[in-house]
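Here is what each chain is made of, one letter per residue.
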Amino acid sequence: MGKLAAIIVLGVLFSMQVNSAPAVEYRLVIHGGAGAMPRAELTLERETEIRSALDAALRAGASILDVGGSSLDAVTASIVVLEDAPWFNAGKGAVFTHDGHNELDASIMDGHSLKAGAVAGVRHVRNPVKLAREVMQSSSHVMLTGEGAEAFARTRGIEPVDPAYFRTEERWQQLQKFLANEKKTAEVDRSTPSYLGTVGAVALDRKGHLAAGTSTGGMTGKRWGRVGDAPIIGAGTYANDRCAVSATGWGEFFIRAVVAHDICARVAYRGDSIEAAANEVVLRTVPGLGGDGGVIALGRDGSFATPFNTAGMYRGWIGPDGEAHTEIYPVATKP
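This structure is a prediction, so every number in the text was calculated from the model and none was measured. (Residues numbered from 1 in each chain as written. Predicted model: local features only at pLDDT ≥ 70, side-chain atom pairs only at ≥ 80, totals over all residues. Heavy atoms only, no water.)

A. Quick peek at the packing of aromatic side chains. Across all of its chains, the model carries 5 aromatic pairs by this definition. Where phenylalanine 88 meets tyrosine 314, the ring centres are 6.2 Å apart and the plane angle is 75°; that geometry is what we call edge-to-face. Placement of phenylalanine 88 in the loop between helix 3 (71-84) and strand 2 (104-110) and of tyrosine 314 in strand 11 (residues 313-318) is noted, with a sequence separation of 226 residues between them. By relative accessible area, tyrosine 314 is classed as buried at 6%. With a centroid separation of 5.6 Å and 45° between ring planes, the pair formed by phenylalanine 304 and tryptophan 317 is classed as tilted. With a gap of 13 residues between them, phenylalanine 304 in strand 10 (residues 304-305) and tryptophan 317 in strand 11 connect regions that are remote in the sequence. For phenylalanine 304, a relative accessible area of 10% corresponds to the buried category. Here lysine 92 stacks its cationic end above the ring of tyrosine 165, 4.8 Å away from the centre of that ring. Taking NZ or CZ as reference, arginine 167 lies 4.6 Å from the ring centre of tryptophan 172, over its face. (Phe/Tyr/Trp six-rings, centres within 6.5 Å; stacked < 30°, edge-to-face > 60°. Helix = DSSP H or I, 4+ residues; strand = E, 2+ residues; numbered from the N terminus. Buried < 20%, exposed > 50% of the residue type's maximum accessible area, 1.4 Å probe, protein only. Lys NZ or Arg CZ within 6 Å of the ring centre and 35° of its normal.)

Here it is as structure tokens:
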């Protein structure tokens, strides 16, 4: 066989190998917040409603990934469903500030391009994750806050909603309990789960691209424009071409530990598995500082981890088999 013929054959064989390579299997993982209430306090009715919302969010994102849609679109769609559900501390079910307002934060990141967008302290935006994505795609900035973020929202055709939209009686009563407790103690009892319900999603699409997003109402009784980790890229949200993370928990500690980025850095620089990296940060670093919470972390090979150091974490995952899985409390074996 001549040299040219050999080159042609090798080229054909290489082409066949490339074309026959299996397509990347998509994966979507979501959370509805760490620190879930004790089993004895979670009624069957409430659990059913929460699992139903998680399932709807998984299916919204999976319907996009299943037809070859982007991880960014899937993350957005899943978080919108969770923001619209009153059971989580984001969007419709957001907690109240000390002054009786709802101040919402969100962020989103495209792991393929490393583009990101975030908003903090908005009061009139129904779906903050959509506005965060607009910041990423339609501005030269990464984070916008308060009135400025809402002014930008209007330029993008995002209509404001009346703040009354976000109110739920359950969250209002949580604030009343917080204020009553504050009067009794010089320092608010942080054993009270005042930040439960932050939502987030991480996704891997069929092109092998990763994305992450997070949305929250923050902590009950927060003051002075407090902002937690959810809208901070690298703390509550991070994605690159190897790893995507969304966090939930006591934000001050997740900011100090740069949790989301630290997990991805361990994967990139030390070669840790997604599970090993996430477990190390959530189960050792964060509690070592005095904080608590959890994360969802997803790798480019579809492997994922959902560690938390609280009583529970609302979470779920789905893949190309179309079977949605949801969990609240720890399970005996790895999902």
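B. Looking closely at the sheet that holds strand 9 (residues 293-299). Read across the open sheet, the 4 strands follow the order 7-8-9-10; overall the sheet is antiparallel. On the outer flanks of this sheet lie strand 7 (237-239) and strand 10, each paired with one strand and no other. Taken strand by strand, helix 8 (residues 259-270) contacts strand 7, strand 8 (243-249) and strand 9, and its axis lies near 145° from that of strand 8. Sitting on the sheet, helix 9 (residues 274-289) touches strand 8, strand 9 and strand 10, and the angle it makes with strand 9 is about 160°. (Pairing = 2+ DSSP bridges. Contact = heavy atoms within 4.5 Å. Axes fitted to C-alpha atoms, helices over the stretch in contact; angles between N-to-C directions.)

C. Spotlight on the sheet that holds strand 2. Taken together, the 8 strands give an open sheet; going across it, the order is 4-3-2-6-5-1-11-12, and neighbouring strands pair in mixed fashion. The sheet is open, and its two edges are formed by strand 4 (143-145) and strand 12 (325-327), each paired on a single side. When strand polarity is set aside, the average angle formed by the axes of neighbouring strands in this sheet is 10°. Bridge count between strand 5 (residues 199-204) and strand 6 (residues 210-216): 6 bridges; the pairing is antiparallel. Bridging from a neighbouring strand, valine 202 pairs with alanine 212 of strand 6.

D. Examining the side chain of glutamate 103 more closely. As for its placement among the helices and strands, glutamate 103 is situated in the loop between helix 3 and strand 2. Setting aside residues no more than four positions away along its own chain, glutamate 103 makes contact with Thr97, Gly121, Val122, Arg123, Thr216, Gly217, Lys222 and Gly225.

E. The state of the cysteines, seen in detail. In total, this model carries 1 disulfide according to the counting rule given. Residue pairing for cysteine 243: its cysteine sulfur links by disulfide to cysteine 264, the two sulfurs lying 2.2 Å apart. Handedness of the cysteine 243-cysteine 264 disulfide follows from its S-S torsion of about -75°: it is left-handed. Of this pair, cysteine 243 sits in strand 8 while cysteine 264 sits in helix 8; the two residues are 21 residues apart in sequence, bridging distant segments of the chain. On the basis of relative accessible area, cysteine 243 is assigned to the buried category, the value being 0%. Overall, the relative accessible area of 1% leaves cysteine 264 in the buried class. (Disulfide = S-S within 2.5 Å.)

F. Layout of unusual backbone geometry. Unusually for a residue other than glycine, leucine 114 sits at a positive phi of about 65°. Its place among the elements puts leucine 114 in the loop between strand 2 and strand 3 (115-122). Accessibility expressed as a relative area gives 47% for leucine 114, which makes it partly exposed. The backbone of valine 258 sits at a positive phi, close to 45°, despite the residue not being glycine. Looking at the secondary structure, you find valine 258 in the loop between helix 7 (251-256) and helix 8. Assessed through its relative accessible area of 38%, valine 258 is described here as partly exposed.

G. Fine view of the pairing of strand 2. Summarising burial for strand 2: 7 of the 7 residues are buried, a large majority. Here strand 2 shows a buried face lined by Leu104, Ala106, Ile108 and Asp110 and a second buried face lined by Asp105, Ser107 and Met109. Pairing of strand 2 with strand 3, which is carried by 6 bridges, proceeds in the antiparallel orientation. Each residue of the ladder has a partner; that of methionine 109, found in strand 3, is alanine 116. Connecting strand 2 to the antiparallel partner strand 3 that follows it, the hairpin turn spans 4 residues, and leucine 114 within it adopts a positive phi of roughly 65°. Note: strand 2 against strand 6, 6 bridges, orientation antiparallel.

Read these as layout, nothing more, since geometry by itself doesn't imply function.
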